[in-house]
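# Chain and residue survey
Chain residues, written in single-letter form:
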Amino acid sequence: MIGGLFIYNHKGEILISRIYRDDIARNAVDAFRVNVIHARSQIRSPVTNIARTSFFHLKKANIWITAVTRQNVNAAMVFEMLHKTLALMTSYFGKVSEEAIKSNFVLIYELLDEILDFGYPQKTDSGILKTFITQQGIKTTSAEEQTKITNQVTGQIGWRREGIKYRRNELFLDVLENVNLLMNAQGKVLSAHVSGRVVMRSYLSGMPECKFGMNDKIITDNKDKDTSATADVATKKKNAGIAIDDCTFHQCVKLSKFETERSISFIPPDGEFELMRYRTTKDISFPFRIIPLVREIGKTKMEIKVVLKSNYRPALLGQKIEVKIPTPVTTAGVNLMCNKGRSKYKSSENAVVWRIKRMAGLKEAQLTAEIELLPSTENRKWQRPPISMNFEVSSCPSH
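What comes next is a walk through the structure. (Residues numbered from 1 in each chain as written. Predicted model: local features only at pLDDT ≥ 70, side-chain atom pairs only at ≥ 80, totals over all residues. Heavy atoms only, no water.)

## Topic: the overall build of the protein
Of the regular secondary structure elements, the protein holds 8 helices and 25 strands. Long-range pairs, those at least 24 residues apart, make up 65% of the contacts in the protein between residues at least 6 apart in sequence. A total accessible area of about 23,900 Å² is found for the protein, and carbon and sulfur atoms account for 48% of it. (Helix = DSSP H or I, 4+ residues; strand = E, 2+ residues; numbered from the N terminus. Contact = heavy atoms within 4.5 Å. Areas by Shrake-Rupley, 256 points an atom, 1.4 Å probe, with all protein chains shown as cover.)

In structure tokens, the structure reads:
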């Protein structure tokens with residue numbers, strides 16, 4: 001696993017150095033400084049291989065945090081550990097900066113000893129670590145408190161401490177979805193998927209067990225693969241569930257119940273947490289539809305018309321709508337007209353940005369861009385890059 005962990009400032013000076021394995025030499029510190037931090041060319045990849053040693057790094061403000069290994073490790077797990085380390089530092093002393101690291105270096109070494117054991121990630125939950133690691137050092141605990149800590153670290157419910165009490169029990173749930181769509185010029189959908197997150201805020205007393213479901217049942221693609229396609233479609237229609245391609249859960253979810261009952265049963269952590277993530281590619285209803293029309297007028301003029309239609313219910317409201325319409329590289333000037341919102345040409349991005357604050361359901365908006373082009377000797381036709389869009393629509397399901 002991880003052989004060492006180093007934290008540098010923007011000058012390449014080492015702030016924290018913790019070596020977990022003997023296969024990492026001290027000169028690894030200098031190798032990363034010379035080849036990455038002081039490199040003349042911009043380093044785009046977060047993974048750098050130098051002399052059969054892999055350096056996984058993250059940069060936050062003027063701080064570089066780097067994990068070093070000589071083994072073939074799981075890169076995703078290493079980056080997850082680095083992000084957790086940054087999150088722990090933020091949880092303990094707020095903003096992660098050079099001054100904060102120098103002021104709390106003793107605490108950081110204590111955290112690194114708890115997070116990693118011989119290079120293997122162990123405890124990264126701030127709620128558990130804060131029970132026995134404080135700003136000043138390791139907290140002195142009684143025998144009873146020590147037992148509670150041990151139960152939290154090694155027990156089945158390490159994400160929630162006992163004895164939590166609230167005057168009023170409350171549970172908030174948000175489903176956040178990102179719709180990703182690629183469509184050709186003829187309006188045919190080339191690819192589409194929805195990435196969703198279920199975020200919860202729990203203010204419940206004791207150790208409550210909650211049950212959560214989507215339309216009472218979740219149908220995953222890997223269920224009943226041996227059945228025929230006709231039977232599978234009939235089952236889905238009968239259950240009227242949501243077809244999900246893949247999903248991941250918080251550690252509090254009881255996977256055995258999910259496998260047997262297709263329900264999400266869990267004892268929630270206290271406060272805000274992400275219960276699950278999912279992705280689906282079937283039966284997606286798109287909140288908006290964009291209809292572009294490009295008309296070339298000779299070699300020095302072009303007209304682009306974009307019609308934006310909202311497909312959700314009239315009672316709903318779309319907000320923070322931003323449509324980015326690419327323009328040719330040879331664009332000299334743009335004259336814009338829109339019947340809703342505001343539009344602006346950004347030469348640095350070679351695009352027209354159209355922003356609409358609010359838009360009700362089943363409405364239509366239109367933008368016209370008259371573009372003047374510089375004369376060009378190249379006969380290459382403009383490739384017409386895709387139009388991109390960002391928006392927020394509350395209470396609008398993707399299915």
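## Regarding the sheet that holds strand β2 (residues 14-19)
Taking strand neighbours across the sheet as the criterion, the 5 strands line up as β2-β1-β5-β4-β3 in an open arrangement whose pairing is antiparallel. The open sheet has two edge strands, β2 and β3 (47-50), and neither has a second partner. Mean inter-strand twist for the sheet, computed between neighbouring axes without regard to direction, equals 20°. Pairing of strand β4 (residues 53-60) with strand β5 (residues 63-69) involves 7 bridges; the strand directions are antiparallel. Paired with Lys60 across the two strands is Ile63, which belongs to β5. Running over the sheet, helix α2 (residues 75-93) touches β1 (4-9), β3, β4 and β5 and is turned about 35° from β4. Along the sheet face, helix α4 (residues 105-115) touches β1 and β2 and points at about 25° away from the line of β2. (Pairing = 2+ DSSP bridges. Axes fitted to C-alpha atoms, helices over the stretch in contact; angles between N-to-C directions.)

## Points about unusual backbone geometry
Glycine aside, residues mostly have negative phi, and peptide bonds are mostly found in the trans state. Unlike most non-glycine residues, Phe118 shows phi in positive territory, near 55°. Position of Phe118 relative to the elements: it lies in the loop between β6 (116-117) and β7 (120-121).

## Digging into the packing of α2 against α4
Packing of α2 against α4 leaves a shortest axis separation of 11 Å and a crossing angle of 140°. Between α2 and α4, the angle is such that the two are oblique. Remark: the crossing between α2 and α4 carries right-handed chirality. Together, Met81, Thr85, Leu88, Met89, Tyr92 and Phe93 of α2 and Leu107, Ile108, Leu111, Leu112 and Ile115 of α4 make up the contact between the two elements. Of the residues contributing to the contact of α2 with α4, the split by class is 10 nonpolar, 1 polar and no charged. (Parallel < 35°, antiparallel > 145°, perpendicular 65-115°, else oblique. Left-handed = near helix turned anticlockwise from the far one by under 90°. Nonpolar A, V, L, I, M, F, W, Y, C, P; charged D, E, K, R; others polar.)

## Remarks on the sheet that holds strand β22 (residues 342-346)
The sheet built from 4 strands is open, its strands ordered β22-β23-β20-β25 with antiparallel pairing. Of all the strands in the sheet, just β22 and β25 (388-393) have a single pairing partner and so form its edges. Taken pair by pair, the neighbouring strands of this sheet meet at an average axis angle of 10°, ignoring direction. Bridge count for strand β20 (residues 317-326) against strand β23 (residues 351-360) is 9 bridges, and the pairing is antiparallel. Directly across from Lys324, in β23, lies its bridge partner Val353.

## Focus: a nonpolar patch on the surface
A cluster of nonpolar side chains, Leu181, Met183 and Val189, forms an exposed patch at the surface whose accessible area comes to about 210 Å². Here Val189 shows up in strand β11 (residues 189-203). (Patch = residues over 30% accessible without salt bridge, like charges linked within 9 Å, V, L, I, M, F, W, Y side chains within 5 Å. Salt bridge = Lys/Arg side-chain N within 4 Å of Asp/Glu carboxyl O.)

## Things to note about the pairing of β1
Taking burial as the measure, the 6 residues of β1 include 6 buried ones, the bulk of the element. Along β1, one buried face is formed by Gly4, Phe6 and Tyr8 and the opposite face, lined by Leu5, Ile7 and Asn9, is buried too. Here β1 runs beside β5; their pairing, made up of 6 bridges, is antiparallel. Each residue of the ladder has a partner; that of Tyr8, found in β5, is Trp64. Counting the residues in the hairpin turn of β1 and β2 gives 4 residues, including Gly12, whose phi is positive at 95°. (Buried < 20%, exposed > 50% of the residue type's maximum accessible area, 1.4 Å probe, protein only.)

## Section: the packing of aromatic side chains
Enumeration according to the criterion identifies 11 aromatic pairs in this entry. A centroid spacing of 6.3 Å and a plane angle of 70° characterise the contact between Phe172 and Tyr203, whose relative ring orientation is edge-to-face. With Phe172 in strand β10 (residues 170-183) and Tyr203 in strand β11, the pair connects residues that are 31 residues apart, well separated along the chain. Judged by its relative accessible area of 35%, Phe172 falls in the partly exposed class. (Phe/Tyr/Trp six-rings, centres within 6.5 Å; stacked < 30°, edge-to-face > 60°.)

## A look at the environment of Ile157
Looking at the secondary structure, you find Ile157 in the loop between α6 (143-154) and β10. Overall, the relative accessible area of 27% leaves Ile157 in the partly exposed class. Remark: the alpha-carbon pair of Ile157 and Pro268, spanning 111 residues in sequence, is separated by 9.6 Å. The contacts of Ile157, once residues within four sequence positions are left out, are Met207 and Ile267.

## Brief notes about the state of the cysteines
With the rule as written, the count across this model stands at 0 disulfides. In this model Cys210 remains outside any disulfide bridge; the closest cysteine sulfur is found in Cys252, 8.8 Å from its own. (Disulfide = S-S within 2.5 Å.)

## A closer look at the side chain of Thr368
Note that Thr368 resides in strand β24 (residues 364-373). Take Thr368: its relative accessible area is 10%, and that puts it in the buried class. With residues near it in sequence (within four places) discarded, Thr368 still touches Glu303, Ile304, Lys305, Asn335, Leu336 and Met337.

## Quick notes on the side chain of Arg21
Among the secondary structure elements, Arg21 is positioned in the loop between β2 and α1 (27-37). No salt bridge is formed by the buried Arg21; its nearest oppositely charged neighbour, Asp23, is found at 5.7 Å. Within polar-contact distance, the side chain of Arg21 engages the side chain of Tyr120 at 3.4 Å. In this structure Arg21 touches Met1, Ile2, Gly3, Gln71, Phe118 and Tyr120, once residues within four positions along its chain are discounted. (Lys, Arg positive; Asp, Glu negative; His and termini not counted. Polar contact = N/O pair within 3.5 Å; in protein donor to acceptor, adjacent residues only side chain to side chain.)

## A few points about the pattern of salt bridges
Within this structure, the stated rule accounts for 17 salt bridges. For Arg384, the salt bridge is made with Glu296, and the minimal N-O distance between the two is 3.9 Å. Of this pair, Arg384 sits in the loop between β24 and β25 while Glu296 sits in strand β18 (residues 288-297), and the two are 88 residues apart along the sequence. Residue Arg384 is classed as partly exposed on the basis of its relative accessible area, which comes to 41%. Through salt bridges with shared partners, one network takes in Arg197, Glu274 and Arg277.

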